[in-house]
Amino acid sequence: MRDILGIVNFENEKVRVEGLSNFRSIPAISFLGRYRVIDFVLSNMVNSGIDHIKVLVKDKPRSLIEHIGIGSHYNINSKSGSLQILYTDKDITNKLYFTDVNLLNQYSSYIKNSNQDYVVIAPSYMICQINYQDVVEQHIKTGADITCVYKQINDGHKRFVGCEEFDIVNNRIKVIKVSHGSTSVKNISLETYVMHKDFLLDLIDEASHQSAAYSLTSFLSNNDNISFINMQGYKYEGYLACINSLEEYYQTNIDLINYEKAKELFSRDWPVYTKTNDSPPAHYTSKAEVKNCMVANGCVVQGKIENCILGRAVKIKKGAVVKNSVVLPNAIIGEGAVVENAVIDKGAKIIVNKEIIGDEKQIAYVRRGDTI
Amino acid sequence: MKTEMLAMILAGGRGTRLMELTEKAAKPAVHFGGKYRIIDFPLSNCANSKIRYVGVLTQYESIVLNSYVSQASFWGLDGRDKGTFVLNPREKVSGFSLYMGTADAIYQNIDFIDQYEPEYVLILSGDHIYKMDYDHMLDFHKQNNADLTIAGLTVTLEEASRFGIMNTNKDYSIYEFEEKPPVPKNNLASMGIYIFNYDVLRKALIEDAMQDSSHDFGKNIIPNLLNEGKRLFAYPFAGYWKDVGTIDSLWQAHMDLLAQGDPLKLDDENWKIYTEDIPTTPQFIGPNADLKGSSINQGCIVDGTVINSVLFRDVVVEKGAEIINSVIMPESVVEKGAKIKNCIVGEKQLILENEVIGSDDRIELFTSREVK
């Protein structure tokens, strides 16, 4: 097994989960009840034997830092391993300059001085189950400058809109462009790059010389640059979702309630680690009605829930009916409330206006901590 | 190293009446409450009472218990000035000796206690289910200028002859202590929770060790101190307390948890019961599920009927299976159409398709078929 340096990248400026990301960065958003979005990429890295991880943090670092801590709950060795947060408040008010390239440049000595030869850079908002060792092996075998992971999808007209897609000829990535949802079958980039550490250092140096506002992906998307770089594709076949809008966030949650689907993302030999909250098991009272749900610990369900995700310690009171909804931790759905096609943010209470009904085109969203 | 009060947990007993559940692990390691082990209760009470050093005295089948208890971080008892310490019987200059009684177990670890120069020593049992603030008990002990304070629970007169009974004055000072009296004069029972002034305890243990004695706190140490005219007080406790010593009482304690308004208040944020954090998948409730009056832990996949029951981590209940008034321990699988009633099903057990176990007239323990 190779010793690899893991870098968790932040999402680009276009990625916004309406409502939810007003309160925290995307990696820190609660996902599937008991997780945060970042748990998946960190678990992939740890399960791939990566014990040195740097997390690039864009903004609102508080909830993310609180969640990942020093990484011991991700099984990162407390002495020989490290989980390092790379954060800066330089340029934070000028979004134009706030890029992964500039952040990596600022901390380039940390990368240069690391003991690992190969680097994997992956964003947290691409939800997948991947062994990065396999990508590094292919990378070494092909002698590529960069190996980039992609998945061929056939629902591109409605999913992954706004993600990068590849034109690939003989496994070489020729064009990187934004997917606008015009065609169904396409190669979606997981924005997951493997390269030699020295190549990364040269790359960020070159990118920042060309433009002070380049991000890694925008630099590589430039046709002049890509023609000089031997960029190879690694074809990923497993589960993939992208949390880049409220609709995608909602739909990904709802899709994974189906256990057969969820098995593509969860398996016992590839655990997804998260921070424990020491909540008691979920409790269903004698009046509860529950169908097709994913429920986290600490929940108390006295009402009816169908096709829902409940985060930790959610309370569904008597007579409440919640359908097709994602309820984030500590929210309370009051007695007799009706919630459909909604995302209820952390700690919100639905106790006064008792009808929150969205539809599939327009998901209802209740803000964090609001009483409604 | 100096600490005001050190805790010593007696966790050496087998708990023979728990049958096969304690064949491979001592009673304190038995699973309880959907996600805990019994010893999580005294350990969490210690952590929540801000006790920093906890010695755990183990003896019978201690592989599981020793490796569990040594992970101090489970309870937040890790840190520079904290710790859990496993104290097994060991070889000494005088030879090897098992712990010959509760008092002997503490006596054999006087050197351990001396290291911390405590003013007070808290002695606990590792196999009781309750929540208690030992710091309040210490305040009570100090206010009374006591040499020994014993926590006491009011039991029914019928039960009283199974306990050590404390006959007290109005101010809770003890004038008589009777171990398992056939005709109890009182119903204030010792909970086996003691706070000693360490100088008094140390002297009493050394004297007891030289004598022909059962080396037992209830039979020897406490009556001796009373005879010497020491100040003994009973600390009245009013909450939920259970010694889950038999299959029936273990089952009953789980049913108590499910009753209206959980008497243990496991969801009290200010007094959490901490436990091992095992990564699992989320909890999936399928389209055919029917859940009523039940507690279900993370990792469970439930598509059957679960009524008035407790499911531990990673239990699978297939479509059409029916579980009533039962406790299913971790990683057990209940196949399609199986029916379970009034049972405790042990860890990693397989209930076959359409199998029927349990009856109306008694509580059964099922441990006879492991999942392959």
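Residues numbered from 1 in each chain as written. Chains lettered and ligands numbered in written order. Predicted model: local features only at pLDDT ≥ 70, side-chain atom pairs only at ≥ 80, totals over all residues. Heavy atoms only, no water.

Participant: I'd like a rundown of the overall build of chain A, residues and numbers included.
Facilitator: When you go through chain A residue by residue, the secondary structure sums to 10 helices and 26 strands. Compactness check: chain A gives a C-alpha radius of gyration of 21 Å against a globular reference of 21 Å for 372 residues, within 12% of the reference. Viewed in the frame of its principal axes, chain A has a C-alpha envelope of about 65 × 50 × 40 Å. Burial analysis of chain A (372 residues in total) assigns 57% to the buried set. The long-range fraction of contacts in chain A, counting pairs at least 24 apart against all pairs at least 6 apart in sequence, stands at 59%. Element-wise, carbon and sulfur atoms account for 45% of the exposed surface of chain A, whose accessible area totals about 14,700 Å². In chain A, the 42 positive side-chain charges and the 42 negative ones have mean positions that sit 6 Å from each other. (Helix = DSSP H or I, 4+ residues; strand = E, 2+ residues; numbered from the N terminus. Rg over C-alpha atoms; globule rule 2.2 N^0.38 Å. Buried < 20%, exposed > 50% of the residue type's maximum accessible area, 1.4 Å probe, protein only. Contact = heavy atoms within 4.5 Å. Areas by Shrake-Rupley, 256 points an atom, 1.4 Å probe, with all protein chains shown as cover. Lys, Arg positive; Asp, Glu negative; His and termini not counted. Charge placed at Lys NZ, Arg CZ, Asp CG, Glu CD.)

Participant: Quick one: what's the story with the overall build of chain B, residue by residue and with numbers?
Facilitator: Helix and strand content of chain B: nine helices and 30 strands. Its C-alpha atoms give chain B a radius of gyration of 22 Å, within 12% of the compact-globule value 21 Å for 372 residues. Taken along its principal axes, the extent of the C-alpha atoms in chain B is 65 × 45 × 40 Å. A total of 372 residues make up chain B; the buried ones form 60% of that total. As displayed, chain B offers around 15,400 Å² of accessible surface, 48% of which is attributable to carbon and sulfur atoms. Distance from the positive charge centre (37 side chains) to the negative charge centre (53 side chains) of chain B: 1 Å.

Participant: Describe the sheet that holds strand 20 (residues 305-307) of chain B, with residues and values.
Facilitator: Residue and element names in this part refer to chain B. Strand order across the open sheet formed by five strands is 17-20-23-26-29, with parallel pairing between neighbours. Looking along the sheet, the strands with just one partner apiece sit at the ends: strand 17 (290-292) and strand 29 (356-357). Sheet topology note: the strand 17/strand 20 ladder contains three bridges and is parallel. The residue bridging Leu291 from the neighbouring strand is Val306, located in strand 20. (Pairing = 2+ DSSP bridges.)

Participant: Let's hear about the packing of aromatic side chains: which residues, and what values?
Facilitator: Centre distance and the angle of the planes are the two values used to describe a pair of aromatic rings. The tally for this structure, following the rule as stated, stands at 26 aromatic pairs over all chains. A centroid spacing of 5.4 Å and a plane angle of 50 degrees characterise the contact between Tyr68 of chain B and Phe74 of chain B, whose relative ring orientation is tilted. The exposure classification of Tyr68 of chain B matches that of Phe74 of chain B, with both residues buried. A connected cluster of aromatic rings, assembled from ring pairs, spans Phe31, Tyr35, Phe40, Tyr249 and Phe266 of chain A. Between the NZ or CZ atom of Arg37 of chain B and the centre of the ring of Tyr68 of chain B, over which it lies, the distance is 5.1 Å. (Phe/Tyr/Trp six-rings, centres within 6.5 Å; stacked < 30°, edge-to-face > 60°. Lys NZ or Arg CZ within 6 Å of the ring centre and 35° of its normal.)

Participant: With reference to specific residues and values, describe empty space enclosed by the protein.
Facilitator: Residue and element names in this part refer to chain A. Evaluated as defined, the whole model comprises four cavities of 30 Å³ or more. In this model, the largest cavity occupies a volume close to 70 Å³. Contributing to the lining of the largest cavity are Thr88, Lys90, Asp91, Tyr97, Phe98, Thr99, Asn102, Leu103 and Gln106. In terms of residue class, the lining of the largest cavity is made up of three nonpolar, four polar and two charged. (1 Å grid on protein atoms, 1.4 Å probe; cavity = no way out; pocket = protein on both sides within 12 Å on 5 of 7 lines; lining within 4 Å. Points joined across faces, edges and corners; volume = space filled by probe spheres on them. Nonpolar A, V, L, I, M, F, W, Y, C, P; charged D, E, K, R; others polar.)

Participant: Let's hear about the sheet that holds strand 21 (residues 310-311) of chain B: which residues, and what values?
Facilitator: Read across the sheet, 10 strands follow the order 24(A)-21(A)-18(A)-16(A)-14(A)-18(B)-21(B)-24(B)-27(B)-30(B) without closing on themselves; strand pairing throughout is mixed. Taken across any chain shown, the strands that pair with only one partner, and hence form the sheet edges, are strand 24 (349-350) of chain A together with strand 30 (364-366) of chain B. Here strand 16 (residues 300-301) of chain A pairs with strand 18 (residues 315-316) of chain A via two bridges, running parallel. Paired with Val300 of chain A across the bridge in strand 18 of chain A is Lys315 of chain A. Along the sheet, helix 9 (residues 247-258) of chain B contacts strand 14 (282-284) of chain A together with strand 18 (294-296), strand 21, strand 24 (327-328), strand 27 (343-345) and strand 30 of chain B; its crossing angle with strand 27 of chain B, the most-contacted strand, is approximately 95 degrees. (Axes fitted to C-alpha atoms, helices over the stretch in contact; angles between N-to-C directions.)

Participant: Residue-level account of helix 1 (residues 38-47) of chain A, with values.
Facilitator: For an α-helix the count is 3.6 residues per turn, leaving residues at separations of three or four pointing the same way. Residue and element names in this part refer to chain A. Counted residue by residue, helix 1 has 10 buried out of 10 residues, so it is predominantly covered. The complete set of buried residues in helix 1 reads Ile38, Asp39, Phe40, Val41, Leu42, Ser43, Asn44, Met45, Val46 and Asn47. After helix 1 finishes, the residue Gly49 shows a positive phi value of roughly 80 degrees.

Participant: Break down the state of the cysteines for me, with residues and values.
Facilitator: Chemically, a disulfide is nothing more than a covalent bond linking the sulfur atoms of two cysteines. In the structure shown here, the tally under the stated rule is zero disulfides over all chains. Of the cysteine sulfurs around Cys163 of chain A, a residue in no disulfide, the closest is that of Cys242 of chain A, at 3.5 Å. Judged by its relative accessible area of 1%, Cys163 of chain A is buried. Counting only cysteine sulfurs, Cys299 of chain A is the nearest neighbor of Cys300 of chain B, a cysteine outside any disulfide, at a range of 14 Å. (Disulfide = S-S within 2.5 Å.)

Participant: For the pairing of strand 15 (residues 289-295) of chain A, give the residues involved together with the corresponding values.
Facilitator: Judged from the six bridges that link them, strand 15 of chain A and strand 17 (residues 304-310) of chain A form a sheet pairing that is parallel. Opposite Met294 of chain A, over in strand 17 of chain A, you have Ile309 of chain A as the bridge partner. Note that strand 15 of chain A and strand 16 (residues 283-285) of chain B share three bridges and pair antiparallel. Across the sheet, residue Val295 of chain A finds its bridge partner in strand 16 of chain B, namely Gln283 of chain B.

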